[in-house]
Structure formats: structure tokens, C-alpha cells
Amino acid sequence: MSGSLWLRVPGGDTLPALPRPRRTAAGTGAPAADPMDELAERLDGFIAAAVHPDEVAAILESDGMTDEHIRLTYGRRDSFDLAEELYARVPRAFPEPQDHTDPWKVSLAACLLRGVIFALPGLAYVLGAPLLEGPPDRLGLPAGTLTLLAGALIGWVWDQTLSHRAYSWLGLGDRAAAGRTLLVGAPTGALLGIAAALTVPGGPPFSYAFAAGQAVYVGAATVLLVLGRERLLVAALAPMAAGSVLALFTDLPVPLRVGLLGVSLLAACTLALRELPLASGVRAAVRRIRGWSEHRPGWGHGRVTGGPGGPVRWRMLRGAEEEYGPRGPRLGDSVPYGVFGLGTGLLVLYAALGEVLAGGPAEAVAAPSAVALTLSMGPAEWLLHRFRSGSLAGLRAARSPRQFRLRMLGTLARCMAVYLAVLLVLGVVGTLFWPGAPGMTGVRVATLLLLGGVMWAGLLLQSFGAVRAAAAVCASAAVAQSLALLLGVGQPRLVQLVVAGTAAAALATLVCLFLGRATAHR
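Predicted model only: the values in this text are computed from it and were never measured. (Residues numbered from 1 in each chain as written. Predicted model: local features only at pLDDT ≥ 70, side-chain atom pairs only at ≥ 80, totals over all residues. Heavy atoms only, no water.)

Visitor: Would you mind going over the overall build of the protein in detail, with residue names and values included?
Guide: Looking only at helices and strands, one finds 21 helices and 2 strands in the protein. At a minimum sequence separation of 6, the contacts of the protein that also span at least 24 residues come to 76%. If you sum the accessible surface of the protein, you get close to 27600 Å²; carbon and sulfur atoms cover 66% of it. (Helix = DSSP H or I, 4+ residues; strand = E, 2+ residues; numbered from the N terminus. Contact = heavy atoms within 4.5 Å. Areas by Shrake-Rupley, 256 points an atom, 1.4 Å probe, with all protein chains shown as cover.)

Take a look at the structure:
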């Protein structure tokens, strides 16, 4: 900044060393008759890319041009007058960056693999079906259904919360802390799932063992998915999946069924334990316990600080709650993700079992709808990334807030349409191949698509940090449907349709309000 911009050096001038936009010179290189023309030609790229005359004035002043020099050379009063004239003389031209890197580009195959992983454990019920035989429960559901659902729902809620906290640590670059979080949280979630299953009476004896294995698997799968080990998880599930496909064509003996389930569960747990920092986690726990006992006020030999029997020395620069408060992500930030998981989990449950829970026949179980929603999470994840890419391109191309909003809505409509089309195909195909599944009537199709819109819009808001709004809408919808079921209000199919439609409209409004601002796409 101390040298002049206009100093000529052998072979050229100093301007090319500056990071200015590329722009063809206005002149032909001939000497300018007017100093203003020469100055405009030299600063052509800077002036054309400026959005205000003050930017040009800053360039002139950074070169050391004084007001006296400007008056003598260019006949203008000061740098601001000169900058305004230069700004008016050179037309605007805002060059685009040469390299448009897309930070949201992801592999479609990886997202589809995650969708398959979410649905693949469902094949375990095919292997375990003969062991769950028994009289229907008090709601008319197959034996052991409520036991398995209770454990699965609690595990879903817990592991949604745990996953967000572990991902938060990974986002901070602390993989060790993420590992310690999973090391403590995954077993805790498994115990909670087992406890929830045991509270449901009347199930077949094997249903409780199956629910326990289900809870343990959910914890192990959470560890592997958060740490990016999807392929290892697929390998662990391979024996169970192969046995389930074989069981569709032949009657496998019970010991073989139990053995295949146990092998896959043991493999998933072993691979998860291999990824966790067991030794460092134990050492960290020991250090933390020792730190609490030695330094926490009121602990250790009846003193706050100082040696045995020494005087009490109060720490005035930092309060106790600040010194010993939690570090890293706050626990409260992860709770809405669990609430969102609870709301969406109940909505999917009611989509599959709503009519049966309301007293309908057992043949009304719409299992293909739940399977379709689960499988669609892979394409949903990929489309979320495509929306982020499209909104980023809209930010570059739009020249006004209204233009950006229109581009964003267009990208949103395309992504939502593709997701609903995929969901519809999965639902129709599942219904055709699922033995005894109820037909896809107009009401069922509408409910499935509206519920898919609720889940995708909720995930979209969640990806932009508006998880509390999404969780509130989904949880409210689940509460409304639960109350309608308990009070016997309305026909179950119509209640599902109204609840899903209301939630979809609320989330669509929130998406338009929140994502219509360009600042939300930073």
C-alpha cells in the first residue's frame, strides 16, 4: 500500500499483481489525451465491479492521492468528486467467479445406501416371525407388536437426540468427544429401549428377547452411521438379510433363524465397539471424577481450595456454575431433534396401524406405507442436498430478493415433486408385493403423500437450523392424532388425512417464510 499504483516497471505496470477482475481494456493502448481517460482506463476493472463511488474513492486514497494532487492533475475538488465521476463514466460489470464449487454435492449412491440401511433391519421380523406366534393382543395386533413398538419408539427418540449431539461434536472437529458421547449414549439408549419393552405386559416370551436385541442393534447402528461406517453396517446385516430372503421361499429351522439374527447383532456390536474410544473414554471418565472430587466446591477434606486445614480461598474471577458448567454443545440443543423423531415416528406408526388401533380388523395394517416412508429417506437426503445446491445457485444468479425467492420456490417445488413421486412408486410397489396388504385407495395415497411432505419439509427446516418449529408441528400433529384415537373421534382414515394435511400446510408456510430470505441460505 505504500507504493504508487501508477509506477511503471520494466515489462509492465503494477496493476496485474492486484487481485482485480478480468476485463478487456477500453482503449487500444494509445496515450490518453485527458488524464481522466487514462485514469478510467487503468482502473477500469475496479470501477466496473464497484457497487458505490466510495469503493473507488478508497482505491484512490489507498494509493496516496491527496486532494491537492487531484485538484492539480484532474481538476476535481477531492477524491470523492473524482470517484463519483469515474463511477458514472465506467459502466457496471460484475464478473462471476471462474470456479463454482458446489459444497452440497453428494453421491446419490451413498444416500440410497443409507435409505436401504434404514429399511434393512425390517427383514429381521421375517426371520423372527415364527418365534412371535401367539394370540392377538388386546388391540387385535399380532402377538408381541406392542412390545416391539414400545422399544423401537423409545430407541428412535433417544438415538435422534444422541446423533445430533455426536454430529455437533464432529462439526466442532472433536472426533474424540463424539466418540465419548456415543460410548455413553448408545448403551444408555439400549437400556431405555429394553426397559420400555419390558413395561408392556402380555407379549410372547421371545418378543422381549427380540426387543432387547432390537434396542442393542439401534445403539450399534447409531454409532456406525454417525461415524460414517455405512458399509460396515451393511456387511453386519448381510447374514440376517440373506436368511430373511431364504425364509420367504423355504421353512428354515428355528435354531438357524435365531443364529442368523444373533450373528448379525453380534457383528454390528463388534464393529461399533471397534469404532469407539473405549480406553480413552474410561481414562476421561476417571479424570473427570477425580477433578470433581478435588476441585468442586465443598468436596474433598471439607475445603474449597488450599491445603488440608488451610484457609478458604474463594475464586472471585469465575463463578462455580461457569467453572464447572458443561463444555461444547448444549444438551438442550439436541432435545428438539428427539421431539422431532418422536412426532414423525408416531405419525408413521399411525399410518401403518391407525385403523387397527382404532378397532379395525388386523388386515388393515398398512405396512407398505411405513416401509415406503423408511426407504424414501435415502432419496430425501439426496434431494435436501440438491435443494441446498439450487438455492446457492439462485443466490449467485438472482439480482433482487424477489428474483431469488422465485428461484428458491422453483427449486423447492422440483425437489418436493421428485420426492413425492419416488414415495408414491415405493408405496405402490410395496402394496403390490406385500401379502394381504390393503389396496392403495385415493385416501391412502393422499395420506401417504401428505405424510411424506410433512417429513421432507420437516427435514428441510431441520437442515436450516429451524428444528424447533419443525418439531413443534410434528409433535402437535402426533398429539392430535393420539387424542383422536383415544377419544374415538372420527373415522381413522379421515383423521389421518386431516392431521397430515394440516401439518403439511403449516410446514409449507414455515418453509416459505423462513427460506424466502436470502440470509437463511448462508
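Visitor: A description of the packing of helix 1 (residues 35–42) against helix 5 (residues 79–89) should follow, citing residues and the corresponding values.
Guide: When two helices pack together, their arrangement is given by the angle between their axes and by how far apart the axes lie. The interhelical angle for the contact between helix 1 and helix 5, taken along N-to-C directions, is 70°, at an axis separation of 11 Å. With respect to helix 5, the axis of helix 1 lies roughly perpendicular. Between helix 1 and helix 5 lies a crossing of right-handed hand. Across the interface between the two elements, Met-36, Asp-37, Leu-39 and Ala-40 from helix 1 touch Leu-82, Glu-85, Leu-86 and Arg-89 from helix 5. (Axes fitted to C-alpha atoms, helices over the stretch in contact; angles between N-to-C directions. Parallel < 35°, antiparallel > 145°, perpendicular 65-115°, else oblique. Left-handed = near helix turned anticlockwise from the far one by under 90°.)

Visitor: Account for the nonpolar core, naming residues and giving values.
Guide: One finds Leu-373, Phe-387, Tyr-419, Trp-456, Leu-460 and Leu-507 to be the most contacted residues of the largest nonpolar core, which totals 54 residues. Looking at this core, the elements with two or more residues in it are helix 8 (145–171), helix 15 (335–357), helix 16 (367–375), helix 17 (377–397), helix 18 (401–433), helix 19 (442–463), helix 20 (467–487) and helix 21 (492–515). Beyond its immediate sequence surroundings of up to four residues, Phe-387 is in contact with Met-408, Thr-411, Leu-412, Cys-415, Leu-460, Phe-464, Leu-515 and His-521. In terms of nonpolar packing, the next biggest core, distinct from the first, is built from 35 residues, Leu-182, Ala-221, Ala-272 and Leu-276 among them. (Core = buried A, V, L, I, M, F, W, Y, C linked by side-chain atoms within 4.5 Å. Buried < 20%, exposed > 50% of the residue type's maximum accessible area, 1.4 Å probe, protein only.)

Visitor: Can you lay out the packing of aromatic side chains for me, pointing to particular residues and giving the numbers?
Guide: One pass over the full model with this rule turns up 3 aromatic pairs. Consider the rings of Phe-387 and Phe-464, whose centres lie 6.1 Å apart with planes at 75°: the pair is edge-to-face. Of this pair, Phe-387 sits in helix 17 while Phe-464 sits in the loop between helix 19 and helix 20, placing them 77 residues apart in sequence. With a relative accessible area of 0%, Phe-387 lands in the buried category. Aromatic rings pair up to connect Tyr-125, Phe-206 and Phe-210 into one cluster. Its end group placed over the ring of Phe-464, Arg-388 keeps NZ or CZ at 3.8 Å from the ring centre. (Phe/Tyr/Trp six-rings, centres within 6.5 Å; stacked < 30°, edge-to-face > 60°. Lys NZ or Arg CZ within 6 Å of the ring centre and 35° of its normal.)

Visitor: Please set out the side chain of Glu-230 residue by residue, giving values where relevant.
Guide: Along the chain, Glu-230 falls in helix 11 (residues 230–247). Residue class for Glu-230 comes out buried when judged on its relative accessible area of 15%.

Visitor: Give a description of a nonpolar patch on the surface that names residues and reports values.
Guide: A contiguous nonpolar surface patch, about 510 Å² in accessible area, is contributed by Val-425, Val-428, Val-429, Leu-432 and Phe-433. As for its position among the elements, Val-425 is in helix 18. (Patch = residues over 30% accessible without salt bridge, like charges linked within 9 Å, V, L, I, M, F, W, Y side chains within 5 Å. Salt bridge = Lys/Arg side-chain N within 4 Å of Asp/Glu carboxyl O.)

Visitor: An account of helix 18 is requested, with residue identities and associated values reported.
Guide: Taking 1.5 Å per residue as the helical rise, helix 18 with its 33 residues ought to reach 48 Å, and the 48 Å between its terminal C-alpha atoms agrees with that figure. Within helix 18, the full set of buried residues consists of Phe-404, Met-408, Thr-411, Leu-412, Cys-415, Met-416, Tyr-419, Leu-423, Gly-427 and Thr-431. Looking at the buried positions of helix 18, the neighbouring elements they touch are helix 16, helix 17, helix 19 and helix 21. (Expected span 1.5 Å × (residues − 1).)

Visitor: I'd like to hear about the pattern of salt bridges, residue by residue, with values.
Guide: Opposite charge on two side chains lets them pair, provided their charged atoms get close. The final tally for this structure, using the stated rule, is 13 salt bridges. For Asp-37, the salt bridge is made with Arg-89, and the minimal N-O distance between the two is 2.7 Å. Linking Asp-37 in helix 1 with Arg-89 in helix 5, this pair joins segments that are 52 residues apart in sequence. What makes Asp-37 partly exposed here is its relative accessible area of 36%. Close ionic contact of Arg-77 with Asp-81 constitutes a salt bridge, the shortest N to O distance being 3.3 Å. Residue Arg-77 is classed as exposed on the basis of its relative accessible area, which comes to 57%.

Visitor: Go over the packing of helix 16 against helix 17 with me, naming the residues and quoting the values.
Guide: Running from amino to carboxyl end, helix 16 crosses helix 17 at an angle of 35°, the nearest separation of the two axes being 4 Å. Contact with helix 16, carried on its side by Leu-373, Thr-374 and Leu-375, involves Met-377, Gly-378 and Pro-379 of helix 17 and no other residues of that element. In terms of residue class, the contact of helix 16 with helix 17 is made up of 4 nonpolar, 2 polar and no charged. (Nonpolar A, V, L, I, M, F, W, Y, C, P; charged D, E, K, R; others polar.)

Visitor: Tell me about a negative patch on the surface, residues and numbers included.
Guide: There is a patch of like negative charges on the surface, built from Asp-54, Glu-55, Glu-61, Asp-67 and Glu-84. A per-element tally of the negative patch places helix 3 (residues 53–62) first, with 3 residues. Following the sequence through the fold, Glu-55 ends up in helix 3. We classify Glu-55 as partly exposed; its relative accessible area is 36%. (Lys, Arg positive; Asp, Glu negative; His and termini not counted. Charge placed at Lys NZ, Arg CZ, Asp CG, Glu CD.)

Visitor: Tell me about the side chain of Asp-159, and please be specific about residues and values.
Guide: Counting through the fold element by element, Asp-159 comes out in helix 8. Among buried Asp, Glu, Lys and Arg side chains, Asp-159 stands out as unpaired, with Arg-114 the closest opposite charge at 12 Å. Leave out the neighbours within four places in its chain, and Asp-159 touches Val-218, Gly-219 and Thr-222.

Visitor: Now, about helix 3: what can you tell me, with residues and values included?
Guide: Listing the buried residues of helix 3 in full gives Pro-53, Val-56, Ala-57, Ile-59 and Leu-60. The arc that holds the buried residues of helix 3, viewed along the axis, is 155°, so those residues lie on one side. Of the surrounding secondary structure, the elements contacted by the buried residues of helix 3 are helix 1, helix 2 (44–49) and helix 5. Downstream of helix 3 by a residue or two, Gly-64 has a phi angle that is positive, lying close to 95°. (Arc of directions from axis to C-beta.)

Visitor: Account for the environment of Leu-395, with residues named and values stated.
Guide: Tracing the sequence through the fold places Leu-395 in helix 17. Judged by its relative accessible area of 33%, Leu-395 falls in the partly exposed class. Spatially, the C-alpha atoms of Leu-395 and His-521 are 8.3 Å apart, while their sequence positions differ by 126 residues. Setting aside residues no more than four positions away along its own chain, Leu-395 makes contact with Phe-404, Ala-518 and His-521.

Visitor: Explain the environment of Leu-423 residue by residue, including any values.
Guide: Examined against the element boundaries, Leu-423 turns out to sit in helix 18. In contact with Leu-423, other than residues within four places in its own chain, are Ala-372, Leu-373, Ser-376, Leu-448, Leu-449 and Gly-452.

Visitor: Requested: an account of the environment of Leu-127, with residues and values cited.
Guide: Counting through the fold element by element, Leu-127 comes out in helix 7 (residues 124–128). Taking the C-alpha atoms as reference, Leu-127 lies 9.3 Å from Leu-256; in sequence the two are 129 residues apart. In contact with Leu-127, not counting residues within four places along its chain, are Met-240, Gly-243, Ser-244, Ala-247, Leu-252, Arg-257, Leu-260 and Leu-261.

The values reported here are purely geometric and, on their own, carry no functional implication.
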